[in-house]
Amino acid sequence: MATFNLYNYEFGKILSHEPAGLFGNSTVLMDAESAFPQRQQILDNILKRDYERSEEITFVNNFNNKEYGHKHMMSPTDGMAVIRVRNLVRKKLYNADWTTEIREDYPDCIVIIDNRPGIQRIAIETKHIAFKGIWTLPNIVSATLNKILKPYSLYVELRNVPDERDFWTLVGDQQKYPNGFYKIRIHLPHLNLERLHKVFDKLSEKTRQNFGSDLTIEMAAEKGGTLPLDPKNNYQSELIRAVSEVGAKTAGTKQETVISVYSNDNKRKPIPIGIESFQTFFESNTTFDHLTEDAAGNNLFDSGALDAIKRQTKRGIE
């Protein structure tokens, strides 16, 4: 059984390209205004060319310039790409004759890119023997997508989809926060993914549209008071569910969350919620075996395995 964390991704425009360095690649194939309306088709075409090996992608880590091998499990079909990304791990083995040796191992994780209109999600397998750290592979995927989209004056932001239950677990922890919380801060970034606009229906859509901005709202109790945070309150529950869908992101040491709370036990320090919280799903390894078989038989449009994967990446989306 494979375990996956879910992420949303949004496209952005590169309006001005920095001059390339001495050995940099300054090729710009399209300007942002021309490319943005075709953003999903551009990504689909890049993934197809990679599968066909006419223009191959290199998965790369921005922090150490390490490169990672990858292999498609099927031809990109109907906006879906399923890719194995592997890591080189060197292991120290202890032999019976008291000697040691270094062996190379290549564990991999499955990355599912669902580029269908209205979905724009990525599911990334969590397998710590392949990639340590919950954000290591997501940051590699993000860096790789941004590298291949840059010539088209586009970039993506990858944001995890937190589990809303983690919010209620934290604010309900009487032992750690016995005096409750006096303030909650919600920061909604610029969004262009249509299905996330429902969040702004709850938080002043007109304000954001008229100013062309992000949106930050703070709700604070009276001085010395405590906010009545209650998961049984329908409005509160719906609000936390909606803003959790926007997700959080991290790049190196920089983190950005949508929700932060302030406790009465430590009034100055905000507590960010969401960076280490994920909506997770499980999928049988047999599903991916069947997917490979269907791909080999050119039967992807009638593939029950591919349909099962599509249901997983679309979970929670109406």
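Data block above holds the structure.
Rules behind the numbers
The numbering scheme is per chain: residues are counted from 1 as the chain's sequence reads. Where local features are concerned, this predicted model is filtered to residues with pLDDT of at least 70; where side-chain atom pairs are given and counted, the filter is 80 or more; whole-chain, interface and lining totals use all residues. As a rule here, side-chain values come from all non-hydrogen atoms in the structure, and water together with hydrogens is ignored. Secondary structure counts use DSSP, requiring at least four H or I residues in a row for a helix and at least two E residues in a row for a strand, with both numbered from the N terminus. Just to be clear, the radius of gyration here is over C-alpha atoms, and the globule rule we use is 2.2 Å times residues to the power 0.38. Exposure is judged per residue with a 1.4 Å probe applied to protein chains only, and the accessible area is read against the type maximum: over 50% gives exposed, under 20% gives buried, and values in between give partly exposed. Note on contacts: a residue pair qualifies if any of its non-hydrogen atoms lie within 4.5 Å across the two residues. Two residue types count as positive, namely Lys and Arg, and two as negative, namely Asp and Glu; His and chain ends fall outside the count. By convention, charge coordinates are those of NZ in Lys, CZ in Arg, CG in Asp, or CD in Glu. We call Phe, Tyr and Trp rings a pair once their centres come within 6.5 Å, taking the six-membered ring for Trp, and we label the pair stacked below 30 degrees between planes, edge-to-face above 60, and tilted otherwise. A ring is considered to have a charge above it if a Lys NZ or an Arg CZ atom is located within 6 Å of its centre and within 35 degrees of its normal. By this rule, a helix spans an expected 1.5 Å times one less than how many residues it contains. Here, the arc refers to the directions that run from the helix axis to the C-beta atoms. Definition of a polar contact: a pair of N or O atoms within 3.5 Å, with one able to donate and the other able to accept a hydrogen when the atoms are protein atoms, and with sequence-neighbouring residues admitted only if both atoms are side-chain atoms. Should DSSP find at least two bridges between two strands, the strands are regarded as paired. Throughout, an axis means a line fitted to C-alpha atoms (over the contacting stretch in the case of helices), and angles, computed between N-to-C directions, take values from 0 to 180 degrees. Of the grid points, spaced at 1 Å and generated over the protein atoms alone, those admitting a 1.4 Å probe that cannot get out make up cavities, while open sets with protein on both sides within 12 Å along at least five of seven lines make up pockets; any residue with an atom within 4 Å of a point is treated as lining. Grid points are joined across faces, edges and corners, and a volume is the space filled by probe spheres set on the points.

Before going further, it helps to examine the overall build of the protein. The helix and strand inventory of the protein stands at nine helices and 17 strands. Expected size for 318 residues packed as a compact globule is a radius of gyration near 20 Å; at 22 Å, the protein falls within 12% of this value. Referenced to the eigenvectors of the C-alpha coordinate spread, the extents of the protein come out at roughly 65 × 60 × 50 Å. Burial status across the protein gives 47% buried among its 318 residues. Counted over contacts in the protein with a minimum sequence separation of 6, partners at least 24 positions apart contribute 68%. With 41 positive and 42 negative side-chain charges, the protein shows a separation of 4 Å between the mean positions of the two kinds.

If you walk through the whole model with that rule in mind, you get 10 aromatic pairs. Measuring from centroid to centroid gives 5.7 Å for Tyr-7 and Trp-135, while their planes differ by 75°, and the two rings are edge-to-face. In this pair, Tyr-7 is assigned in strand 1 (residues 2–13) and Trp-135 in the loop between strand 9 (121–125) and helix 3 (136–149), connecting sequence segments 128 residues apart. Aromatic pair Tyr-177 and Phe-181: ring centres 5.1 Å apart, planes at 50°, arrangement tilted. Both residues of the pair, Tyr-177 and Phe-181, belong to the buried class. In textbook terms, an aromatic cluster arises when at least three aromatic residues are bridged by ring pairs, as seen for Phe-4, Phe-281 and Phe-288. Against the face of Tyr-262 rests Lys-183, its NZ or CZ located 4.3 Å from the ring centre.

Now for helix 8 (residues 285–296). Taking 1.5 Å per residue, 12 residues should reach 16 Å; helix 8 reaches 17 Å between its end C-alpha atoms and fits that length. Within helix 8, burial applies to Thr-287, Phe-288, Leu-291 and Asp-294. Summarising the axial view, the buried residues of helix 8 lie within an arc of 115°, below the 170-degree limit, and thus occupy one face. Facing away from the buried side of helix 8 by more than 90 degrees, the exposed set consists of Glu-293 and Ala-296. In this structure, the buried side of helix 8 is in contact with strand 1, strand 5 (80–86), strand 8 (108–114), strand 17 (280–283) and helix 9 (304–313). Where helix 8 begins, the capping side chain belongs to Ser-284, and its oxygen is found 3.0 Å from the backbone nitrogen of Thr-286. Immediately downstream of helix 8, the backbone of Asn-298 shows phi near 55°, a positive value.

Counting buried positions along strand 1 yields 10 of 12 residues, so the element is predominantly enclosed. Bridge count between strand 1 and strand 17: four bridges; the pairing is antiparallel. Bridge pairing in strand 17 places Phe-4 opposite Phe-281. Relative to strand 9, strand 1 is paired through five bridges, and the arrangement is antiparallel. In the sheet register, Asn-8 faces strand 9, and the bridge partner there is Arg-121. Pairing geometry for strand 1 and strand 10 (residues 154–160), over seven bridges, is antiparallel. If you follow Glu-10 over to strand 10, its bridge partner there is Glu-157.

The next thing to look at is the sheet that holds strand 15 (residues 259–263). Taken in spatial order, the four strands line up as 12-11-15-16 in an open sheet, and their pairing is antiparallel. Both outer strands of the open sheet, strand 12 (215–220) and strand 16 (266–273), are each paired with one neighbouring strand and no more. When strand polarity is set aside, the average angle formed by the axes of neighbouring strands in this sheet is 20°. For strand 11 (residues 181–188) and strand 15, the ladder comprises five bridges, and the chain directions are antiparallel. Its bridge partner being in strand 15, Ile-186 is matched across the sheet by Ile-259. With respect to the sheet, helix 7 (residues 234–246) is in contact with strand 11 and strand 15, its orientation differing from that of strand 11 by roughly 45°.

Turning next to empty space enclosed by the protein. Going through the model one piece at a time under the given rule, you end up with three cavities of 30 Å³ or more. Looking at the largest cavity, its volume works out to about 100 Å³. Along the wall of the largest cavity there are 13 residues; nearest its centre are Glu-125, Thr-126, Lys-127, Gly-133 and Ile-134. Where the lining of the largest cavity is concerned, the elements lending two or more residues are strand 1, strand 9 and helix 3.

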